[in-house]
Amino acid sequence: MSSIDTKLNDLGITLPTPAAPVANYVGFVRTGNLVIISGQLCLGTDGKMADAHKGKLGAEITPDVGQQAARLCAINLLAQLKAAVGDLDKVVRCVRLGGFINAVPTFAGLAPVMNGASDLMVEVLGDKGRHARSTIGVAELPLDACVEVEGMFEVQ
Amino acid sequence: MSSIDTKLNDLGITLPTPAAPVANYVGFVRTGNLVIISGQLCLGTDGKMADAHKGKLGAEITPDVGQQAARLCAINLLAQLKAAVGDLDKVVRCVRLGGFINAVPTFAGLAPVMNGASDLMVEVLGDKGRHARSTIGVAELPLDACVEVEGMFEVQ
Amino acid sequence: MSSIDTKLNDLGITLPTPAAPVANYVGFVRTGNLVIISGQLCLGTDGKMADAHKGKLGAEITPDVGQQAARLCAINLLAQLKAAVGDLDKVVRCVRLGGFINAVPTFAGLAPVMNGASDLMVEVLGDKGRHARSTIGVAELPLDACVEVEGMFEVQ
(Lines give C-alpha, C1' and ligand atoms only; values in the text may rest on other atoms or scores of the structure.)
Protein backbone atom coordinates (compact mmCIF):
# COMPACT_ATOMS: atom_id res chain seq x y z
CA MET A 1 0.00 0.00 0.00
CA SER A 2 1.41 3.39 -0.96
CA SER A 3 1.93 5.93 1.80
CA ILE A 4 -0.81 8.20 0.50
CA ASP A 5 -3.23 5.28 0.27
CA THR A 6 -2.36 4.47 3.88
CA LYS A 7 -3.02 8.07 4.82
CA LEU A 8 -6.39 8.02 3.07
CA ASN A 9 -7.18 4.81 4.90
CA ASP A 10 -6.21 6.33 8.25
CA LEU A 11 -8.47 9.30 7.52
CA GLY A 12 -11.33 7.00 6.62
CA ILE A 13 -11.51 8.38 3.09
CA THR A 14 -12.48 6.11 0.24
CA LEU A 15 -11.83 7.66 -3.15
CA PRO A 16 -14.88 7.38 -5.37
CA THR A 17 -14.81 6.21 -8.94
CA PRO A 18 -13.91 9.44 -10.74
CA ALA A 19 -16.92 11.11 -12.30
CA ALA A 20 -17.17 10.22 -15.97
CA PRO A 21 -17.66 13.30 -18.12
CA VAL A 22 -21.02 13.30 -19.84
CA ALA A 23 -19.83 15.21 -22.90
CA ASN A 24 -16.78 15.91 -25.09
CA TYR A 25 -14.38 16.58 -22.25
CA VAL A 26 -12.40 14.41 -19.88
CA GLY A 27 -11.71 14.35 -16.17
CA PHE A 28 -8.06 15.25 -16.53
CA VAL A 29 -5.32 15.89 -19.05
CA ARG A 30 -1.64 15.30 -18.43
CA THR A 31 0.86 17.56 -20.18
CA GLY A 32 4.49 17.05 -19.29
CA ASN A 33 4.65 16.77 -15.51
CA LEU A 34 1.40 18.64 -14.99
CA VAL A 35 -2.03 17.12 -14.50
CA ILE A 36 -4.90 19.53 -15.14
CA ILE A 37 -8.16 18.37 -13.60
CA SER A 38 -11.66 19.42 -14.63
CA GLY A 39 -13.76 21.37 -12.16
CA GLN A 40 -15.15 18.81 -9.71
CA LEU A 41 -18.59 19.24 -8.23
CA CYS A 42 -19.44 18.23 -4.66
CA LEU A 43 -20.54 14.73 -5.56
CA GLY A 44 -20.63 12.19 -2.75
CA THR A 45 -18.69 8.92 -2.81
CA ASP A 46 -21.77 7.37 -4.44
CA GLY A 47 -21.26 9.69 -7.40
CA LYS A 48 -24.43 11.65 -6.63
CA MET A 49 -24.90 15.17 -5.39
CA ALA A 50 -26.89 15.34 -2.17
CA ASP A 51 -29.82 17.74 -2.24
CA ALA A 52 -28.25 19.31 0.85
CA HIS A 53 -25.31 20.38 -1.35
CA LYS A 54 -27.43 22.18 -3.93
CA GLY A 55 -27.96 25.90 -3.57
CA LYS A 56 -26.15 29.04 -2.57
CA LEU A 57 -24.00 30.14 0.32
CA GLY A 58 -25.73 33.02 1.97
CA ALA A 59 -29.10 31.41 1.26
CA GLU A 60 -29.96 27.75 1.90
CA ILE A 61 -26.35 26.57 2.33
CA THR A 62 -24.60 27.29 5.63
CA PRO A 63 -20.84 27.90 5.78
CA ASP A 64 -20.34 24.54 7.51
CA VAL A 65 -22.18 22.64 4.82
CA GLY A 66 -20.31 24.60 2.14
CA GLN A 67 -17.02 23.62 3.72
CA GLN A 68 -18.04 19.96 3.72
CA ALA A 69 -19.00 20.30 0.06
CA ALA A 70 -15.60 21.82 -0.75
CA ARG A 71 -13.98 18.85 1.01
CA LEU A 72 -15.97 16.51 -1.25
CA CYS A 73 -14.76 18.43 -4.32
CA ALA A 74 -11.18 17.91 -3.14
CA ILE A 75 -11.77 14.19 -2.63
CA ASN A 76 -13.09 14.02 -6.20
CA LEU A 77 -9.96 15.84 -7.40
CA LEU A 78 -7.82 13.18 -5.70
CA ALA A 79 -9.89 10.46 -7.35
CA GLN A 80 -9.20 12.02 -10.76
CA LEU A 81 -5.54 12.46 -9.86
CA LYS A 82 -5.22 8.81 -8.91
CA ALA A 83 -6.79 7.83 -12.22
CA ALA A 84 -4.20 10.04 -13.92
CA VAL A 85 -1.06 8.76 -12.21
CA GLY A 86 -2.04 5.36 -10.81
CA ASP A 87 -0.18 5.83 -7.53
CA LEU A 88 -0.71 9.02 -5.49
CA ASP A 89 2.84 8.69 -4.15
CA LYS A 90 3.90 10.03 -7.56
CA VAL A 91 2.36 13.41 -6.72
CA VAL A 92 5.08 16.03 -6.36
CA ARG A 93 2.85 18.94 -5.45
CA CYS A 94 -0.64 20.35 -5.53
CA VAL A 95 0.16 23.41 -7.62
CA ARG A 96 -3.16 25.24 -7.69
CA LEU A 97 -6.78 24.94 -6.67
CA GLY A 98 -9.47 27.17 -8.14
CA GLY A 99 -12.54 27.41 -5.92
CA PHE A 100 -15.92 28.45 -7.25
CA ILE A 101 -18.49 29.11 -4.55
CA ASN A 102 -22.15 29.40 -5.56
CA ALA A 103 -23.06 32.45 -3.52
CA VAL A 104 -25.54 35.28 -3.16
CA PRO A 105 -23.97 38.66 -3.97
CA THR A 106 -23.61 39.60 -0.30
CA PHE A 107 -21.83 36.46 0.94
CA ALA A 108 -18.21 37.54 1.44
CA GLY A 109 -17.19 34.65 3.73
CA LEU A 110 -15.90 32.65 0.79
CA ALA A 111 -12.41 31.77 2.04
CA PRO A 112 -13.57 29.66 5.02
CA VAL A 113 -15.76 27.62 2.67
CA MET A 114 -12.85 26.95 0.33
CA ASN A 115 -10.73 25.91 3.32
CA GLY A 116 -12.68 22.66 3.26
CA ALA A 117 -10.81 21.78 0.05
CA SER A 118 -7.44 23.22 1.08
CA ASP A 119 -7.48 21.47 4.45
CA LEU A 120 -8.27 18.10 2.88
CA MET A 121 -5.39 18.48 0.44
CA VAL A 122 -2.92 19.07 3.29
CA GLU A 123 -4.42 16.34 5.48
CA VAL A 124 -3.83 13.83 2.71
CA LEU A 125 -0.68 15.08 0.97
CA GLY A 126 1.05 16.90 3.83
CA ASP A 127 3.24 19.83 2.78
CA LYS A 128 2.97 18.64 -0.84
CA GLY A 129 -0.69 19.60 -0.52
CA ARG A 130 -0.02 23.32 0.01
CA HIS A 131 -1.12 25.12 -3.13
CA ALA A 132 -1.72 28.46 -4.76
CA ARG A 133 -5.42 29.16 -4.81
CA SER A 134 -8.07 31.54 -6.08
CA THR A 135 -11.51 31.69 -4.53
CA ILE A 136 -14.46 33.48 -6.09
CA GLY A 137 -18.19 33.67 -5.56
CA VAL A 138 -20.11 32.80 -8.71
CA ALA A 139 -23.67 33.40 -9.87
CA GLU A 140 -24.44 29.73 -10.45
CA LEU A 141 -22.79 26.33 -10.89
CA PRO A 142 -23.72 23.26 -12.95
CA LEU A 143 -26.59 21.31 -11.38
CA ASP A 144 -26.88 24.06 -8.76
CA ALA A 145 -23.89 22.60 -6.90
CA CYS A 146 -22.87 24.85 -4.01
CA VAL A 147 -19.12 24.36 -4.68
CA GLU A 148 -16.87 23.42 -7.61
CA VAL A 149 -13.08 23.08 -7.37
CA GLU A 150 -10.55 22.63 -10.19
CA GLY A 151 -6.93 21.61 -9.75
CA MET A 152 -3.44 21.54 -11.20
CA PHE A 153 -0.85 19.09 -9.88
CA GLU A 154 2.80 18.38 -10.57
CA VAL A 155 3.56 14.68 -10.78
CA GLN A 156 6.57 12.45 -11.41
CA MET B 1 -3.27 21.96 -46.86
CA SER B 2 -2.78 20.65 -43.35
CA SER B 3 -5.16 17.97 -42.11
CA ILE B 4 -6.77 20.29 -39.57
CA ASP B 5 -7.25 22.97 -42.21
CA THR B 6 -8.92 20.36 -44.39
CA LYS B 7 -11.15 19.41 -41.49
CA LEU B 8 -12.13 23.04 -40.91
CA ASN B 9 -12.86 23.33 -44.60
CA ASP B 10 -15.04 20.21 -44.53
CA LEU B 11 -16.95 21.63 -41.58
CA GLY B 12 -17.44 24.92 -43.39
CA ILE B 13 -15.57 26.83 -40.70
CA THR B 14 -13.49 29.85 -41.67
CA LEU B 15 -11.23 31.00 -38.86
CA PRO B 16 -11.59 34.72 -38.28
CA THR B 17 -8.69 37.11 -37.91
CA PRO B 18 -7.90 36.70 -34.22
CA ALA B 19 -9.33 39.51 -32.11
CA ALA B 20 -6.67 42.13 -31.44
CA PRO B 21 -6.48 43.04 -27.77
CA VAL B 22 -7.49 46.64 -27.16
CA ALA B 23 -5.21 47.09 -24.14
CA ASN B 24 -1.95 45.92 -22.56
CA TYR B 25 -2.55 42.23 -23.05
CA VAL B 26 -2.21 39.81 -25.94
CA GLY B 27 -4.30 37.08 -27.49
CA PHE B 28 -1.98 34.28 -26.43
CA VAL B 29 1.34 33.57 -24.78
CA ARG B 30 3.50 30.54 -25.47
CA THR B 31 5.59 29.15 -22.63
CA GLY B 32 7.49 25.96 -23.39
CA ASN B 33 5.08 23.64 -25.17
CA LEU B 34 2.01 25.34 -23.74
CA VAL B 35 -0.06 28.04 -25.41
CA ILE B 36 -2.26 30.00 -23.00
CA ILE B 37 -5.07 31.84 -24.77
CA SER B 38 -6.96 34.87 -23.47
CA GLY B 39 -10.65 34.50 -22.74
CA GLN B 40 -12.44 34.70 -26.07
CA LEU B 41 -15.83 36.32 -26.37
CA CYS B 42 -18.53 35.08 -28.74
CA LEU B 43 -17.50 37.33 -31.62
CA GLY B 44 -18.67 36.33 -35.08
CA THR B 45 -16.33 35.70 -37.99
CA ASP B 46 -16.72 39.40 -38.83
CA GLY B 47 -15.09 40.22 -35.50
CA LYS B 48 -18.29 41.70 -34.07
CA MET B 49 -20.58 40.45 -31.36
CA ALA B 50 -24.15 39.97 -32.56
CA ASP B 51 -26.79 41.64 -30.39
CA ALA B 52 -28.38 38.20 -30.17
CA HIS B 53 -25.30 37.03 -28.22
CA LYS B 54 -25.48 39.74 -25.60
CA GLY B 55 -27.27 39.02 -22.36
CA LYS B 56 -27.80 36.25 -19.86
CA LEU B 57 -28.71 32.61 -19.96
CA GLY B 58 -31.93 32.23 -18.03
CA ALA B 59 -33.12 35.62 -19.29
CA GLU B 60 -32.94 36.77 -22.92
CA ILE B 61 -30.49 34.08 -24.08
CA THR B 62 -31.87 30.59 -24.71
CA PRO B 63 -29.73 27.48 -24.13
CA ASP B 64 -29.52 26.88 -27.89
CA VAL B 65 -28.26 30.38 -28.59
CA GLY B 66 -25.82 30.09 -25.67
CA GLN B 67 -24.46 26.87 -27.14
CA GLN B 68 -23.95 28.55 -30.51
CA ALA B 69 -22.16 31.40 -28.75
CA ALA B 70 -19.87 28.93 -26.95
CA ARG B 71 -19.10 27.39 -30.34
CA LEU B 72 -18.08 30.83 -31.62
CA CYS B 73 -15.78 31.27 -28.61
CA ALA B 74 -14.11 27.96 -29.48
CA ILE B 75 -13.64 29.04 -33.10
CA ASN B 76 -11.99 32.22 -31.85
CA LEU B 77 -9.72 30.12 -29.62
CA LEU B 78 -8.64 28.13 -32.69
CA ALA B 79 -7.96 31.36 -34.56
CA GLN B 80 -5.65 32.50 -31.75
CA LEU B 81 -4.06 29.07 -31.62
CA LYS B 82 -3.34 29.16 -35.35
CA ALA B 83 -1.75 32.58 -34.93
CA ALA B 84 0.40 31.07 -32.16
CA VAL B 85 1.66 27.97 -33.97
CA GLY B 86 1.13 28.71 -37.66
CA ASP B 87 -0.07 25.21 -38.50
CA LEU B 88 -2.82 23.60 -36.42
CA ASP B 89 -1.34 20.18 -37.18
CA LYS B 90 1.26 21.09 -34.56
CA VAL B 91 -1.40 20.93 -31.85
CA VAL B 92 -0.72 18.00 -29.53
CA ARG B 93 -3.72 18.43 -27.27
CA CYS B 94 -6.38 20.79 -26.04
CA VAL B 95 -5.41 20.67 -22.37
CA ARG B 96 -8.11 22.80 -20.75
CA LEU B 97 -11.07 25.01 -21.51
CA GLY B 98 -12.52 27.39 -18.94
CA GLY B 99 -16.11 28.32 -19.68
CA PHE B 100 -17.72 31.43 -18.27
CA ILE B 101 -21.46 31.62 -18.82
CA ASN B 102 -23.23 34.93 -18.22
CA ALA B 103 -26.22 33.63 -16.27
CA VAL B 104 -28.96 34.60 -13.89
CA PRO B 105 -28.46 33.07 -10.44
CA THR B 106 -31.07 30.37 -11.03
CA PHE B 107 -29.76 29.04 -14.36
CA ALA B 108 -28.11 25.72 -13.50
CA GLY B 109 -28.10 24.28 -17.04
CA LEU B 110 -24.59 25.57 -17.67
CA ALA B 111 -22.90 22.38 -18.90
CA PRO B 112 -25.03 21.98 -22.05
CA VAL B 113 -24.20 25.56 -23.03
CA MET B 114 -20.47 24.91 -22.64
CA ASN B 115 -20.82 21.76 -24.74
CA GLY B 116 -21.01 24.09 -27.74
CA ALA B 117 -17.31 24.82 -27.20
CA SER B 118 -16.28 21.29 -26.23
CA ASP B 119 -18.06 19.72 -29.18
CA LEU B 120 -16.42 22.09 -31.66
CA MET B 121 -12.99 21.28 -30.26
CA VAL B 122 -13.55 17.54 -30.79
CA GLU B 123 -15.16 18.03 -34.21
CA VAL B 124 -12.05 19.87 -35.40
CA LEU B 125 -9.21 18.20 -33.47
CA GLY B 126 -10.65 14.73 -32.92
CA ASP B 127 -9.43 12.97 -29.77
CA LYS B 128 -6.74 15.65 -29.39
CA GLY B 129 -9.62 18.01 -28.74
CA ARG B 130 -10.75 16.24 -25.53
CA HIS B 131 -9.88 18.53 -22.64
CA ALA B 132 -10.22 19.14 -18.95
CA ARG B 133 -12.82 21.81 -18.35
CA SER B 134 -14.42 24.00 -15.74
CA THR B 135 -17.77 25.65 -16.29
CA ILE B 136 -19.19 28.39 -14.09
CA GLY B 137 -22.03 30.86 -14.22
CA VAL B 138 -20.83 34.43 -13.80
CA ALA B 139 -22.52 37.69 -12.85
CA GLU B 140 -21.46 39.54 -16.00
CA LEU B 141 -18.98 39.39 -18.91
CA PRO B 142 -17.18 42.08 -20.90
CA LEU B 143 -19.51 43.81 -23.38
CA ASP B 144 -22.39 41.77 -21.91
CA ALA B 145 -21.26 38.74 -23.95
CA CYS B 146 -23.31 35.66 -23.04
CA VAL B 147 -20.26 33.33 -23.13
CA GLU B 148 -16.47 33.62 -22.76
CA VAL B 149 -14.07 30.67 -23.08
CA GLU B 150 -10.34 30.57 -22.29
CA GLY B 151 -7.97 27.79 -23.33
CA MET B 152 -4.67 26.03 -22.72
CA PHE B 153 -3.12 23.88 -25.44
CA GLU B 154 -0.04 21.68 -25.72
CA VAL B 155 1.79 22.15 -29.01
CA GLN B 156 4.87 20.78 -30.75
CA MET C 1 19.91 47.19 -7.94
CA SER C 2 18.22 45.03 -10.55
CA SER C 3 16.70 46.77 -13.55
CA ILE C 4 13.15 45.91 -12.51
CA ASP C 5 13.80 47.19 -8.98
CA THR C 6 15.07 50.42 -10.54
CA LYS C 7 11.91 50.62 -12.63
CA LEU C 8 9.72 50.10 -9.56
CA ASN C 9 11.70 52.81 -7.82
CA ASP C 10 11.25 55.19 -10.76
CA LEU C 11 7.51 54.53 -10.70
CA GLY C 12 7.38 55.18 -6.97
CA ILE C 13 6.12 51.65 -6.26
CA THR C 14 7.17 49.93 -3.06
CA LEU C 15 6.33 46.25 -3.09
CA PRO C 16 4.51 45.27 0.09
CA THR C 17 5.37 42.25 2.17
CA PRO C 18 3.46 39.53 0.33
CA ALA C 19 0.18 38.66 2.02
CA ALA C 20 0.61 35.61 4.21
CA PRO C 21 -2.09 33.02 3.57
CA VAL C 22 -4.33 32.52 6.58
CA ALA C 23 -5.07 28.88 5.84
CA ASN C 24 -3.67 25.74 4.20
CA TYR C 25 -2.54 27.40 1.01
CA VAL C 26 0.45 29.46 -0.03
CA GLY C 27 1.04 32.66 -1.96
CA PHE C 28 2.70 30.94 -4.88
CA VAL C 29 3.95 27.60 -6.14
CA ARG C 30 6.79 27.12 -8.58
CA THR C 31 6.64 24.16 -10.95
CA GLY C 32 9.40 23.94 -13.53
CA ASN C 33 9.81 27.43 -14.98
CA LEU C 34 6.29 28.48 -14.07
CA VAL C 35 5.25 30.40 -10.97
CA ILE C 36 1.54 30.15 -10.19
CA ILE C 37 0.33 32.89 -7.85
CA SER C 38 -2.77 32.80 -5.66
CA GLY C 39 -5.55 35.26 -6.37
CA GLN C 40 -4.46 38.56 -4.87
CA LEU C 41 -6.99 40.93 -3.34
CA CYS C 42 -6.70 44.70 -3.58
CA LEU C 43 -4.77 45.10 -0.35
CA GLY C 44 -2.80 48.32 0.11
CA THR C 45 0.92 48.43 0.74
CA ASP C 46 0.07 48.31 4.45
CA GLY C 47 -1.45 44.88 3.91
CA LYS C 48 -4.98 46.10 4.61
CA MET C 49 -7.93 46.53 2.34
CA ALA C 50 -9.28 50.07 2.28
CA ASP C 51 -13.02 50.34 2.89
CA ALA C 52 -13.10 52.30 -0.37
CA HIS C 53 -12.07 49.07 -2.17
CA LYS C 54 -14.87 46.95 -0.74
CA GLY C 55 -18.03 46.56 -2.76
CA LYS C 56 -19.21 46.10 -6.31
CA LEU C 57 -18.59 47.78 -9.60
CA GLY C 58 -21.87 49.14 -10.81
CA ALA C 59 -22.86 49.98 -7.24
CA GLU C 60 -20.60 51.74 -4.70
CA ILE C 61 -17.35 51.25 -6.66
CA THR C 62 -16.70 53.54 -9.63
CA PRO C 63 -14.72 52.33 -12.66
CA ASP C 64 -11.79 54.57 -11.68
CA VAL C 65 -11.61 53.17 -8.17
CA GLY C 66 -11.95 49.65 -9.55
CA GLN C 67 -9.02 50.28 -11.88
CA GLN C 68 -6.90 51.51 -8.97
CA ALA C 69 -7.88 48.39 -7.03
CA ALA C 70 -6.84 46.18 -9.97
CA ARG C 71 -3.50 47.99 -10.00
CA LEU C 72 -3.05 47.12 -6.32
CA CYS C 73 -3.80 43.46 -7.07
CA ALA C 74 -1.05 43.55 -9.71
CA ILE C 75 1.41 45.09 -7.26
CA ASN C 76 0.60 42.30 -4.82
CA LEU C 77 1.22 39.76 -7.58
CA LEU C 78 4.66 41.27 -8.15
CA ALA C 79 5.37 41.08 -4.41
CA GLN C 80 4.55 37.37 -4.45
CA LEU C 81 6.60 36.92 -7.61
CA LYS C 82 9.61 38.58 -6.02
CA ALA C 83 9.26 36.28 -3.02
CA ALA C 84 9.23 33.36 -5.44
CA VAL C 85 12.27 34.24 -7.53
CA GLY C 86 14.25 36.68 -5.40
CA ASP C 87 15.19 38.96 -8.27
CA LEU C 88 12.47 40.20 -10.64
CA ASP C 89 15.04 40.37 -13.45
CA LYS C 90 14.62 36.58 -13.60
CA VAL C 91 11.09 37.02 -14.90
CA VAL C 92 10.85 35.85 -18.50
CA ARG C 93 7.21 36.68 -19.08
CA CYS C 94 3.89 37.38 -17.49
CA VAL C 95 2.03 34.45 -19.05
CA ARG C 96 -1.51 35.00 -17.83
CA LEU C 97 -3.62 37.17 -15.55
CA GLY C 98 -7.09 36.14 -14.45
CA GLY C 99 -9.21 39.09 -13.38
CA PHE C 100 -12.23 38.70 -11.13
CA ILE C 101 -14.34 41.82 -10.83
CA ASN C 102 -16.97 42.01 -8.07
CA ALA C 103 -19.83 43.41 -10.11
CA VAL C 104 -23.56 43.82 -10.25
CA PRO C 105 -25.14 41.73 -13.03
CA THR C 106 -25.55 44.74 -15.32
CA PHE C 107 -21.98 46.09 -15.16
CA ALA C 108 -20.45 45.14 -18.51
CA GLY C 109 -17.53 47.61 -18.41
CA LEU C 110 -15.23 45.01 -16.90
CA ALA C 111 -12.27 45.26 -19.28
CA PRO C 112 -11.35 48.87 -18.42
CA VAL C 113 -11.28 47.93 -14.73
CA MET C 114 -8.93 45.03 -15.40
CA ASN C 115 -6.68 47.33 -17.43
CA GLY C 116 -5.47 48.70 -14.11
CA ALA C 117 -3.68 45.39 -13.58
CA SER C 118 -2.56 44.89 -17.18
CA ASP C 119 -1.17 48.42 -17.47
CA LEU C 120 0.84 48.06 -14.26
CA MET C 121 2.37 44.81 -15.48
CA VAL C 122 3.58 46.47 -18.70
CA GLU C 123 4.73 49.64 -16.91
CA VAL C 124 6.96 47.53 -14.69
CA LEU C 125 8.01 44.62 -16.92
CA GLY C 126 7.82 46.23 -20.35
CA ASP C 127 6.99 43.86 -23.20
CA LYS C 128 7.62 40.92 -20.85
CA GLY C 129 4.54 42.16 -19.03
CA ARG C 130 2.16 41.51 -21.95
CA HIS C 131 0.00 38.54 -21.00
CA ALA C 132 -2.96 36.43 -21.94
CA ARG C 133 -5.91 37.39 -19.78
CA SER C 134 -9.46 36.50 -18.88
CA THR C 135 -11.78 38.97 -17.22
CA ILE C 136 -15.09 38.05 -15.64
CA GLY C 137 -17.64 39.67 -13.39
CA VAL C 138 -18.30 37.62 -10.27
CA ALA C 139 -21.09 37.55 -7.71
CA GLU C 140 -18.81 38.16 -4.73
CA LEU C 141 -15.16 38.07 -3.63
CA PRO C 142 -13.47 37.25 -0.31
CA LEU C 143 -13.83 40.08 2.23
CA ASP C 144 -16.04 41.89 -0.31
CA ALA C 145 -12.95 43.00 -2.25
CA CYS C 146 -13.92 44.78 -5.46
CA VAL C 147 -11.15 43.08 -7.49
CA GLU C 148 -9.03 39.90 -7.31
CA VAL C 149 -6.31 38.99 -9.82
CA GLU C 150 -4.40 35.72 -10.15
CA GLY C 151 -1.24 35.23 -12.20
CA MET C 152 1.03 32.79 -14.01
CA PHE C 153 4.61 33.78 -14.84
CA GLU C 154 7.50 32.14 -16.67
CA VAL C 155 10.80 32.60 -14.86
CA GLN C 156 14.43 31.64 -15.37
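Reference entry: report on the structure contained in this document. Just so it is clear, the model here is predicted, and its values are computed rather than measured. (Residues numbered from 1 in each chain as written. Chains lettered and ligands numbered in written order. Predicted model: local features only at pLDDT ≥ 70, side-chain atom pairs only at ≥ 80, totals over all residues.)

**Some words on unusual backbone geometry**
Part 1: Backbone geometry places Asp144 of chain A, a non-glycine residue, at a positive phi of 60 degrees.
Part 2: Position of Asp144 of chain A among the secondary structure elements: in the loop between β4 (132–138) and β5 (147–155). (Helix = DSSP H or I, 4+ residues; strand = E, 2+ residues; numbered from the N terminus.)

**What to know about the environment of Ala117 of chain C**
Residues and elements named next belong to chain C.
Part 1: With respect to the helices, strands and loops of the structure, Ala117 is situated in helix α3 (residues 110–125).
Part 2: Ala117 sits 31 residues away from Glu148 along the chain, and the two C-alpha atoms are 9.9 Å apart.
Part 3: Beyond its immediate stretch of four places on either side in the chain, Ala117 contacts Ala70, Arg71, Cys73, Ala74, Leu97, Gly99 and Val149. (Contact = placed C-beta atoms within 7 Å.)

**A word on the interface of chain B and chain A**
Part 1: Across the boundary between the two partners, chain B contributes 28 residues, which contact 23 residues of chain A.
Part 2: Taken together, the residues of the side of chain B that touches chain A sort by class into 14 nonpolar, 8 polar and 6 charged. (Nonpolar A, V, L, I, M, F, W, Y, C, P; charged D, E, K, R; others polar.)

**With respect to the interface of chain B and chain C**
Part 1: The partner chain C presents 28 residues to the 23 residues of chain B that form the contact.
Part 2: Where the side of chain B that touches chain C is concerned, the elements lending two or more residues are β1 (28–31), β2 (34–41), β3 (91–102) and β5 (147–155) of chain B.
Part 3: Its residues assigned to classes, the side of chain B that touches chain C shows 13 nonpolar, 6 polar and 4 charged.

**Some points on the pairing of strand β2 (residues 34–41) of chain A**
Residue and element names in this part refer to chain A.
Part 1: Burial within β2 is extensive, with 8 of its 8 residues counted as buried.
Part 2: Judged from the 4 bridges that link them, strand β1 (residues 28–31) and β2 form a sheet pairing that is antiparallel. Bridge pairing links Arg30 to Val35 in β2.
Part 3: Here β1 folds back onto β2, and the loop between the two strands holds 2 residues, one of which, Gly32, carries a positive phi near 60 degrees.
Part 4: Strand direction decides the pairing type here: β2 and β5, joined by 6 bridges, are antiparallel. Looking across to β5, one finds that Gln40 is bridged to Val149. (Buried ≥ 20, exposed ≤ 12 C-beta atoms within 10 Å, placed from the backbone. Pairing = 2+ DSSP bridges.)

**Some thoughts on the relation of the copies chain B and chain A**
Part 1: By a simple turn and slide, chain B fits onto chain A: the slide is 0.0 Å along the axis, the RMSD is 0.0 Å, and the turn is 120 degrees. As the rotation angle and translation indicate, the two copies are arranged about a three-fold axis.
Part 2: An asymmetric contact is evident, with only 7% of the interface residues of chain B recurring at the interface of chain A. (Least-squares fit on C-alpha atoms with pLDDT ≥ 70 in both.)

**A look at the sheet that holds strand β4 (residues 132–138) of chain C**
Residues and elements named next belong to chain C.
Part 1: Overall, mixed pairing links the 5 strands, which are arranged β1-β2-β5-β3-β4 in an open sheet. Of all the strands in the sheet, just β1 (28–31) and β4 have a single pairing partner and so form its edges. Between one strand and the next, the sheet's axes are offset by a mean angle of 15 degrees, whatever the strand orientation.
Part 2: Two elements, strand β3 (residues 91–102) and strand β5 (residues 147–155), share 9 bridges in a ladder whose sense is antiparallel. Its bridge partner lying in β5, Leu97 is registered against Gly151.
Part 3: Its contacts with the sheet place helix α2 (residues 63–85) against β1, β2 (34–41), β3 and β5, and it is angled at close to 35 degrees to β5.
Part 4: The strands touched by α3 within the sheet are β3, β4 and β5, with β3 carrying the most contacts at an inclination of about 160 degrees. (Axes fitted to C-alpha atoms, helices over the stretch in contact; angles between N-to-C directions.)

**Thoughts on the sheet that holds β5 of chain A**
All names here are of chain A.
Part 1: Read from one edge to the other, the open sheet built from 5 strands follows the order β1-β2-β5-β3-β4, with strand pairing classed as mixed. Across the chains shown, the open sheet's two edge strands, defined by having one partner strand only, are β1 and β4. The sheet shows a mean angle of 15 degrees between the axes of neighbouring strands, taken without regard to direction.
Part 2: As paired elements, strand β3 (residues 91–102) and β4 share 7 bridges and run parallel to each other.

**Focus: helix α2 (residues 63–85) of chain B**
Part 1: Helix length check: α2 of chain B (23 residues) gives 33 Å between terminal C-alpha atoms against 33 Å at 1.5 Å per residue, within 8%.
Part 2: Positive phi appears at Gly86 of chain B, one or two residues downstream of α2 of chain B, with a value of about 85 degrees. (Expected span 1.5 Å × (residues − 1).)

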